[in-house]
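Results of the structural survey
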Amino acid sequence: MNLDQIRKLIRQWITPAPRGVRVGWSGGDGERVVFIDIPAQSVDTLFVVPPPVGKAGSSRTDTVAVPMRDGDGTHWLPRTEIQQLLSAGVRASGMPTAKALAELVRQAVSEAGPDGGLRVGQGLPDREREMRVAYGQLAGEGLWLGRPADEAWAQGAAACQDLHHERDGEPGWVLCLVAGRPAVAVAASVWQGIVEAGRHAPGPDPLAAIGFPRPAEDTDVPWVIAAGSRSVDVDGGSWGAGRLTCSGRGVWRWQPLPRFSLNRGRSAENWTAGQTPALRLRAVVNLPWSGAGTLEINRPRRTQLESQLPYSAVAGAVTILSRRRGAELPAARWERGPFGNSARSVSYSCTIAGPDGGPALKASAMLALPTTMESTVVACSDVLIENPQAWAAVLGRGRDTQLGFDEVQAVLLAAWETAAELLPDLVGDPAGLSWAAPPTTELRMTCEQPAGNSVLPSLDTVVDLAPLGMNDGGTKSLMAVTITAAPAMERAERRSLLREALVHMAHEFGYVDAEVVLL
């Protein structure tokens, strides 16, 4: 006789489970008798059990019966008396809705747990009631999540619990509650995809990086992410807001939802040694791929890049700068340098020379794979106005070399596209790589050529900043903004995001009247 099995059966079949039950053996070493001792229970507690219907050994979850003790026998409470009890409750608290009745039944069943072992929320006393309420609300909407497979656990600010069905083939679920958000039931297969997407983040906890499912803004009731879902928004992790999408092969990948900041990366000033241009327009793309230490730049890909650079977006932008001023000075001849080239780095540049042979304009494209000092792949594209006077001389008399802000936007867009789309192809297929951290792009405008008094001139000496409006604090020699977003995107989306980023930058640097519609 298995005493533990008897205890489990009592908890499984009687709701609520009686308090203080003892099951044991009586007698000495000879014949013994199993006893079940149930102390007096609260007088206002109504106990129910599954009705004696259905298959032998199984119970129905949608009906209950009320056993009544009569001397040494037991009888079932008649239907008319059950109706009277329900009527008394209705008179006291009002008629419950069908949804509320379903919730009460599901909650009563969930409290007992499979084999009387586990309850919804068990393991987290402070949040057990909250989890049971969410479970009941979802049940009231017709979603039967199954029974707890293990105790609930705390995951940062979230409370989670695995749930499974007794029948094979039924999908499992994870009930997840994050403070300040409605509860969510996530299909086990989708939950696993969320966890796997953050597996490459440093540290032992993928969810600490990825975060947890985030509902739509107008959702204030428990919601569901079904097994067939192909996209999930997440937030609350160290990576910030992002979106997981499932590929046709069933692989879930995370990409950040676009946001802006002034955070400066370690590589912001890479590839600037020995250069002092009058104006530098730069896009630096940080690509923190997992396993990037094994990547390399082979000869065929380098050769392909050399053939593509004369037709790249940044080459076209440089060519147009002169064309708009009446001169045809194509950025067609690209050479290696001035920075190092190896199996782990590339550096190419195109120079538009002035009358004396010195550089007037320059475009550059660089990429570096991780080193012992830097764990991220970094791609960069620059456009430099090295010498405005030399450029004016080669353009022809009376040509103005100050850039309009529309030209700045066009150059930054082209530099960003080159650094984010063209250069990463040097490592193969970037789409097959997973993130170990959020990718970022830094857009920078800098004056680096000191004036006669050794002071760096302000940006408005080389760029028309009038579209940004007034600046009470005076102009600066540097303005920059960081965009956290997926590197690859459609050109129209990139253009729109660029304009929003420049407005954010302008506001942060004191141009509070700047608006997207004015750029």
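Structural notes, computed from the coordinates. (Residues numbered from 1 in each chain as written. Predicted model: local features only at pLDDT ≥ 70, side-chain atom pairs only at ≥ 80, totals over all residues. Heavy atoms only, no water.)

1. Some points on empty space enclosed by the protein
As enumerated under the stated definition, the model contains one cavity of 30 Å³ or more in all. Lining the largest cavity are Arg-301, Gln-304, Leu-305, Gln-308, Leu-422, Asp-425 and Leu-426. Counting residues per element, the lining of the largest cavity draws most heavily on helix α7 (residues 299-308), which supplies four residues. Considering only residue class, the lining of the largest cavity consists of three nonpolar, two polar and two charged. (1 Å grid on protein atoms, 1.4 Å probe; cavity = no way out; pocket = protein on both sides within 12 Å on 5 of 7 lines; lining within 4 Å. Points joined across faces, edges and corners; volume = space filled by probe spheres on them. Helix = DSSP H or I, 4+ residues; strand = E, 2+ residues; numbered from the N terminus. Nonpolar A, V, L, I, M, F, W, Y, C, P; charged D, E, K, R; others polar.)

2. Considerations on helix α1 (residues 3-13)
Listed as buried for α1 are Leu-3, Ile-6 and Ile-10. An end-on view of α1 places all buried positions within 55° of arc, on one side of the element. Contact partners of the buried residues in α1: β1 (22-26) and β2 (33-37). (Buried < 20%, exposed > 50% of the residue type's maximum accessible area, 1.4 Å probe, protein only. Arc of directions from axis to C-beta. Contact = heavy atoms within 4.5 Å.)

3. Regarding the sheet that holds strand β18 (residues 345-353)
Spatially, eight strands are ordered β15-β22-β21-β16-β20-β19-β18-β17 in an open sheet, and the strand pairing comes out antiparallel. With one partner strand each, in any of the chains shown, β15 (259-261) and β17 (335-336) form the two edges of the open sheet. Summarising the sheet, β18 and strand β19 (residues 359-368) pair through nine bridges and their orientation is antiparallel. In the strand pairing of β19, Val-346 is matched with Leu-367. Seen against the sheet, helix α8 (residues 313-323) touches β18, β19 and β20 (377-385) and runs at an angle of roughly 10° to β20. Contacts between helix α10 (residues 405-422) and the sheet are confined to β16 (279-287), β20, β21 (440-446) and β22 (478-484), with β16 contributing the most and set at about 30° to the helix. (Pairing = 2+ DSSP bridges. Axes fitted to C-alpha atoms, helices over the stretch in contact; angles between N-to-C directions.)

4. Section: the environment of Gln-255
With respect to the helices, strands and loops of the structure, Gln-255 is situated in strand β14 (residues 252-256). For Gln-255, a relative accessible area of 30% gives the class partly exposed. Beyond its immediate stretch of four places on either side in the chain, Gln-255 contacts Gly-242, Arg-243, Trp-435 and Ala-486. At a separation of 2.9 Å, a polar atom in the side chain of Gln-255 contacts the side chain of Trp-435. (Polar contact = N/O pair within 3.5 Å; in protein donor to acceptor, adjacent residues only side chain to side chain.)

5. Thoughts on the layout of surface pockets
The calculated volume of the second largest pocket comes to roughly 760 Å³. Arg-253, Trp-254, Gln-255, Trp-435 and Ala-486 are, among the 36 residues lining the second largest pocket, the residues nearest its centre. Mapped onto the lining of the second largest pocket, the elements with two or more residues apiece are α5 (188-197), β13 (242-246), β14 and α10. Residue composition of the lining of the second largest pocket, by class: 22 nonpolar, seven polar and seven charged.

6. Description of the packing of α10 against helix α11 (residues 491-508)
Between α10 and α11, the shortest axis-to-axis distance is 10 Å and the interhelical angle comes to 125°. Taken together, the axes of α10 and α11 lie oblique to each other. In this structure, α10 meets α11 at a crossing whose hand is right-handed. Judged by residue contacts, Phe-405, Gln-409, Leu-412, Leu-413, Trp-416, Glu-417, Ala-420 and Glu-421 of α10 engage Arg-491, Arg-494, Arg-495, Leu-497, Leu-498, Arg-499 and Leu-502 from α11. (Parallel < 35°, antiparallel > 145°, perpendicular 65-115°, else oblique. Left-handed = near helix turned anticlockwise from the far one by under 90°.)

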